[in-house]
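# An overview of the molecular structure
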Amino acid sequence: GENVEQHPSTLSVQEGDSAVIKCTYSDSASNYFPWYKQELGKRPQLIIDIRSNVGEKKDQRIAVTLNKTAKHFSLHITETQPEDSAVYFCAASQFTSYGKLTFGQGTILTVHP
Amino acid sequence: NAGVMQNPRHLVRRRGQEARLRCSPMKGHSHVYWYRQLPEEGLKFMVYLQKENIIDESGMPKERFSAEFPKEGPSILRIQQVVRGDSAAYFCASSPPAGTYEQYFGPGTRLTVT
């Protein structure tokens, strides 16, 4: 089955800096890669996703890149703010008629004011 | 437009009791996924259901766990004879009819087994 590795496990940055979180996946058939943000005690929230026919996607301060050959994808957050502090999870799925997600272990991002 | 609803939000059970977790998908969504999150870990897929059908239960423990999504009413995740290792947050996610990639998560049920 699919295996997703996520790094780093913790990331501490100063407000205004950029943050990058990286994930690798094992199943070359995976074709959908979402990123979720989870604040303490809250639900995971979908913040951005990318499909395998696209190499990069951007939404304001957030961007995701995908390298299918190397089987890795990354989340980039620019101009970080304290409210970006949360746990971030990457995930992968082989979407056919449905797509169960395989999640990475999570990255605790702390943005210091 | 209500999001995915789960109840109860917190559930305490003694070892050997049964836990029933409920999930109401977003309006218009007919697909439900259940995931389990152990403390300080990522989410793990358990089961995928459509109305009245279990499509993929490859992540469900072989014993004590069952799930259903009846024609009317919420999806139910049932854990019989709970043990301490079942303590976790259980999330459901819903998605629109077939062909849509995105999954939207509910607030979760935090199960504590004492």
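Anyway, here's the lowdown on the structure attached to this text. This is a predicted model, so every value here is computed, not measured. (Residues numbered from 1 in each chain as written. Chains lettered and ligands numbered in written order. Predicted model: local features only at pLDDT ≥ 70, side-chain atom pairs only at ≥ 80, totals over all residues. Heavy atoms only, no water.)

Attention now moves to the pairing of strand S6 (residues 53-56) of chain B. Residue and element names in this part refer to chain B. Examined bridge by bridge, strand S5 (residues 43-50) and S6 share three bridges and lie antiparallel to one another. Bridge pairing in S6 places Gln-50 opposite Asn-53. What sits between S5 and S6 in their antiparallel hairpin is a turn of two residues, with Glu-52 showing a positive phi close to 65 degrees. (Pairing = 2+ DSSP bridges. Helix = DSSP H or I, 4+ residues; strand = E, 2+ residues; numbered from the N terminus.)

All right, on to the state of the cysteines then. Counted according to the given criterion, the structure contains two disulfides over all chains. At a sulfur-sulfur separation of 1.9 Å, the disulfide partner of Cys-23 of chain A is Cys-90 of chain A. One disulfide, between Cys-23 of chain A and Cys-90 of chain A, carries an S-S torsion of -100 degrees and so falls in the left-handed class. Of this pair, Cys-23 of chain A sits in strand S3 (residues 19-25) while Cys-90 of chain A sits in strand S9 (residues 86-92), and the two are 67 residues apart along the sequence. No difference in accessibility class separates Cys-23 of chain A from Cys-90 of chain A, as the two residues are buried. Here Cys-23 of chain B connects covalently by a disulfide to Cys-92 of chain B, the sulfurs 1.9 Å from one another. The sign of the S-S torsion, about 80 degrees, decides the handedness of the disulfide formed by Cys-23 of chain B and Cys-92 of chain B: right-handed. Taken together, the positions of Cys-23 of chain B in strand S3 (residues 19-24) and Cys-92 of chain B in strand S9 (residues 88-95) put the pair 69 residues apart, joining distant regions of the chain. Assigned by exposure class, Cys-23 of chain B and Cys-92 of chain B land together as buried. (Disulfide = S-S within 2.5 Å. Buried < 20%, exposed > 50% of the residue type's maximum accessible area, 1.4 Å probe, protein only.)

The next thing to look at is the packing of aromatic side chains. Following the criterion strictly, the structure yields 17 aromatic pairs over all chains and no others. Judged by centre distance (5.6 Å) and plane angle (70 degrees), the rings of Trp-35 of chain A and Phe-73 of chain A are edge-to-face. Of this pair, Trp-35 of chain A sits in strand S4 (residues 32-38) while Phe-73 of chain A sits in strand S8 (residues 72-77); the two residues are 38 residues apart in sequence, bridging distant segments of the chain. Residue Trp-35 of chain A is classed as buried on the basis of its relative accessible area, which comes to 0%. Relative to Phe-105 of chain B, the ring of Phe-91 of chain B has its centre 6.5 Å away and its plane inclined at 75 degrees; by these criteria the two rings are edge-to-face. One end of the pair, Phe-91 of chain B, is in strand S9; the other, Phe-105 of chain B, is in strand S10 (residues 104-105), with 14 residues separating them in the sequence. An identical accessibility class is assigned to Phe-91 of chain B and Phe-105 of chain B; each is buried. Each member of the aromatic cluster is reached from another via a ring pair, and the members are Tyr-36, Phe-89, Tyr-98 and Phe-103 of chain A together with Tyr-33, Tyr-35, Phe-45, Tyr-48, Phe-91 and Phe-105 of chain B. Above the face of the Tyr-101 of chain B ring, Arg-51 of chain A is positioned so that its terminal group lies 3.9 Å from the ring centre. (Phe/Tyr/Trp six-rings, centres within 6.5 Å; stacked < 30°, edge-to-face > 60°. Lys NZ or Arg CZ within 6 Å of the ring centre and 35° of its normal.)

With 21 residues of chain A at the interface, the matching set in chain B holds 24 residues. Taken together, the two surfaces of chain A and chain B that pack against each other cover about 1900 Å², and 57% of this comes from carbon and sulfur. Three residues, Arg-43, Phe-95 and Tyr-98 of chain A, lead the burial of chain A against chain B; their summed loss comes to 29% of the area buried on that side. Seen at the junction of chain A and chain B, the total is two salt bridges. Glu-102 of chain B is paired through a salt bridge with Arg-51 of chain A; the nearest N and O atoms lie 3.8 Å apart. For the interface between chain A and chain B, the tally reads 10 residue pairs in polar contact (both at pLDDT 80 or more). Mapped by element, the contributors of at least two residues to the side of chain A that touches chain B are S4 and strand S5 (45-51) of chain A. (Contact = heavy atoms within 4.5 Å. Buried area = accessible area lost by both parts, 1.4 Å probe. Salt bridge = Lys/Arg side-chain N within 4 Å of Asp/Glu carboxyl O. Polar contact = N/O pair within 3.5 Å; in protein donor to acceptor, adjacent residues only side chain to side chain.)

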